[in-house]
Amino acid sequence: MKKFIIFSVLTAINIAQIRADECFSVHLGFPCCQNTQEIIYSDNYGDWGVENNSWCGIKNEQKLAISINTGIGGMNIVNAANTDNIANAANTANTANTANTANTVSAIGGSGWAFNPWSWWGSNNGAINNDANTNVLGGLPNIVGGKTGKTTGYWDCCVASCSWDANVPGAKPVRACRKNGVSLITEELWKVKSVCDNGEGYMCNNNQPIVINDKLAYGFAASHEKCCTCQRLQFTSGNVKGKQMIVQITNTGSDLGSNHFDLQIPGAGVGIFNGCTKQWGAPNDGWGRRYGGVTSKSQCSQLPSQLRAGCEWRFGWFEGSDNPDVVFERVRCPKALTDITGCILPDESQQKKGYREREGKRERERGEERSKYFNN
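The present account deals with the structure reproduced in this document.

Cut-offs and rules
Residues numbered from 1 in each chain as written. Predicted model: local features only at pLDDT ≥ 70, side-chain atom pairs only at ≥ 80, totals over all residues. Heavy atoms only, no water. Helix = DSSP H or I, 4+ residues; strand = E, 2+ residues; numbered from the N terminus. Contact = heavy atoms within 4.5 Å. Areas by Shrake-Rupley, 256 points an atom, 1.4 Å probe, with all protein chains shown as cover. Buried < 20%, exposed > 50% of the residue type's maximum accessible area, 1.4 Å probe, protein only. Pairing = 2+ DSSP bridges. Disulfide = S-S within 2.5 Å. Core = buried A, V, L, I, M, F, W, Y, C linked by side-chain atoms within 4.5 Å. Polar contact = N/O pair within 3.5 Å; in protein donor to acceptor, adjacent residues only side chain to side chain. Salt bridge = Lys/Arg side-chain N within 4 Å of Asp/Glu carboxyl O. Phe/Tyr/Trp six-rings, centres within 6.5 Å; stacked < 30°, edge-to-face > 60°. Lys NZ or Arg CZ within 6 Å of the ring centre and 35° of its normal.

Examining the overall build of the protein
From N to C terminus, the protein includes 7 helices and 14 strands. Sequence separation of at least 24 residues holds for 66% of the intrachain contacts in the protein that already meet a minimum separation of 6. By element, 48% of the accessible surface of the protein is carried by carbon and sulfur atoms, the whole surface being about 17800 Å².

Things to note about the pairing of strand 11 (residues 230-235)
Buried residues dominate strand 11, accounting for 6 of its 6 residues. Residues Cys-230, Arg-232 and Gln-234 line one face of strand 11 and the alternating positions Gln-231, Leu-233 and Phe-235 line the opposite face, and both faces are buried. Sheet topology places strand 11 next to strand 12 (residues 244-251); 5 bridges connect them, and they run antiparallel. Bridged to Gln-234 within strand 12 is Gln-244. Here strand 11 pairs with strand 14 (residues 325-331) via 6 bridges, running antiparallel. Of the residues in strand 14, the one forming a bridge with Cys-230 is Val-331.

Some words on the state of the cysteines
Note: disulfide means a covalent bond formed between the sulfur atoms of two cysteine side chains. Inspection of every chain in the model, using the stated rule, returns 8 disulfides. Between the sulfur atoms of Cys-33 and its disulfide partner Cys-56 the distance amounts to 2.0 Å. Residues Cys-33 and Cys-56 are joined by a disulfide whose S-S torsion is about 90 degrees; by sign, that bridge is right-handed. With Cys-33 in the loop between strand 1 (14-18) and strand 2 (41-42) and Cys-56 in strand 4 (residues 54-58), this residue pair connects regions lying 23 residues apart in the sequence. No difference in accessibility class separates Cys-33 from Cys-56, as the two residues are buried.

Overview of helix 5 (residues 305-315)
Counting buried positions along helix 5 yields 8 of 11 residues, so the element is predominantly enclosed. By the burial criterion, the buried members of helix 5 are Gln-306, Leu-307, Ala-309, Gly-310, Cys-311, Glu-312, Trp-313 and Arg-314.

Regarding the nonpolar core
Counting 18 residues, the largest nonpolar core has Phe-235, Met-245, Phe-261, Leu-263, Trp-313 and Trp-317 as the members making the most contacts within it. Mapped by element, the contributors of at least two residues to this core are strand 10 (216-222), strand 11, strand 12, strand 13 (260-264) and strand 14. Formed by 16 residues, the second largest nonpolar core is a distinct cluster that contains Trp-55, Leu-216, Val-331 and Cys-333.

What about the side chain of Ser-161?
Along the chain, the position of Ser-161 falls in the loop between strand 8 (147-154) and helix 3 (189-192). For Ser-161, a relative accessible area of 14% corresponds to the buried category. At 3.1 Å, the side chain of Ser-161 and the backbone nitrogen of Thr-252 are in polar contact. Sequence-distant contacts of Ser-161, that is, excluding residues within four places in its chain, are made with Asn-167, Thr-250, Asn-251 and Thr-252.

Quick look at the pattern of salt bridges
For the structure shown, the criterion picks out 10 salt bridges. Asp-347 serves as the salt-bridge partner of Arg-330, at 3.0 Å between the closest nitrogen and oxygen. Of the two residues, Arg-330 is situated in strand 14 and Asp-347 in the loop between helix 6 (335-341) and helix 7 (361-374); the sequence distance between them amounts to 17 residues. Of the charged contacts, one joins Arg-330 and Glu-348 as a salt bridge, the two residues approaching to 3.6 Å between their closest N and O atoms. Residue Arg-330 is located in strand 14, and its partner Glu-348 is located in the loop between helix 6 and helix 7; the two are separated by 18 residues in the primary sequence. Connected through salt bridges with shared partners, the residues Arg-232, Glu-329 and Lys-352 form a single ionic network.

Re the environment of Thr-229
The topology assignment puts Thr-229 in the loop between strand 10 and strand 11. Taking C-alpha positions, Thr-229 is 7.8 Å from Val-331, a pair spaced 102 residues apart along the chain. Beyond its immediate chain neighbours, meaning those up to four positions away, Thr-229 contacts Val-247, Gln-248, Ile-249, Arg-330, Cys-333 and Leu-345. Within the local environment of Thr-229, its side chain forms a polar contact with the side chain of Gln-231, the two groups lying 3.1 Å apart.

A few points about the environment of Lys-215
The residue Lys-215 is located in the loop between strand 9 (210-211) and strand 10 in this model. The sequence separation of Lys-215 and Trp-317 amounts to 102 residues, and the corresponding C-alpha distance is 8.4 Å.

Some points on the packing of aromatic side chains
One pass over the full model with this rule turns up 4 aromatic pairs. Centre to centre, the rings of Trp-313 and Phe-318 are 5.0 Å apart; their planes meet at 20 degrees, and the pair counts as stacked. We note that Trp-313, like Phe-318, is buried. Members of the aromatic cluster, joined through ring pairs, are Phe-235, Trp-313, Trp-317 and Phe-318. Above the ring of Trp-317, the side-chain terminus of Lys-243 is found at 4.8 Å from the ring centroid.

Side note on unusual backbone geometry
Its identity is not glycine, yet Glu-319 carries a phi of approximately 60 degrees, on the positive side. Here Glu-319 is to be found in the loop between helix 5 and strand 14. For Glu-319, a relative accessible area of 34% gives the class partly exposed. Even without being a glycine, Asn-323 presents a positive backbone phi close to 50 degrees. For Asn-323, a relative accessible area of 42% puts it in the partly exposed group.

Here it is in structure tokens:
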């Protein structure tokens, strides 16, 4: 009887089935796992493992994903595990006798995201994200065979050294901005010069950290690593130990040592140079201490509203960590970073991916919210 019910309604039902022997990750640009069944991360697409230090999809031969949409009785059945469940749901308006629930907890570690116009950090007590188009990235695998290094933080408002053509051969330099931190400088930079060289060029407001989830953030840094390369940092000390950042190198500095990353964080100290007094009316030594900056989230209120979220990130996602150590490796730059800087090196496509790009409507909305915020 169940089979009769199924086949009698198939003429009005469109069934899209993913074969059990087919690996979902191939359609997303990643290979199937060949030698591992260890699940490192799971999302709406399926289970992910790591082989050769790269993501791969784990086959699940027990599940068939069947999506049914029909106008008969408003029936909507998602991810039914087998045909018996379809028959049992024939007269139900919205049924989920499923192997994988239709509404997925997208937040990692039981935490959701409180709205922040630049960063996405905080907790909403394990709220469920029901946006089916959101693909949230989980924690990345540990870095194996990377170099060891250290981090500090700064925000001096000056034009970054990687904004100069001569420092980025074969690529467009990092974008620089006018005094409002939003309007891009379009003429030759030598005509404008940096505020820290008595000019009118500044660091752009959108060079602040970007939270991806509880375990991963993107950002920018000064370093002796090559301009516009992206480095995956895994923190090995402090409260932030175990978390990771992917940073694009936008600057260098005479006060930096080898394997040293000076993270661009508003309110973390201006360091040697201070263009923030001319741009934002900051004190002569910047906000807080010249080296180290402000010491609490409440002190971030001293900063202009355009920079405040990045300052608060330091005491939220970064957990107030004080110059934590890292292991690091070069990876291909996420599009979210190169869209901001405009700098893509000729050998970029040869670098390995240390991440999976998020896709879908919610990510686009977040980008739109950030753009609106910085254009105000």
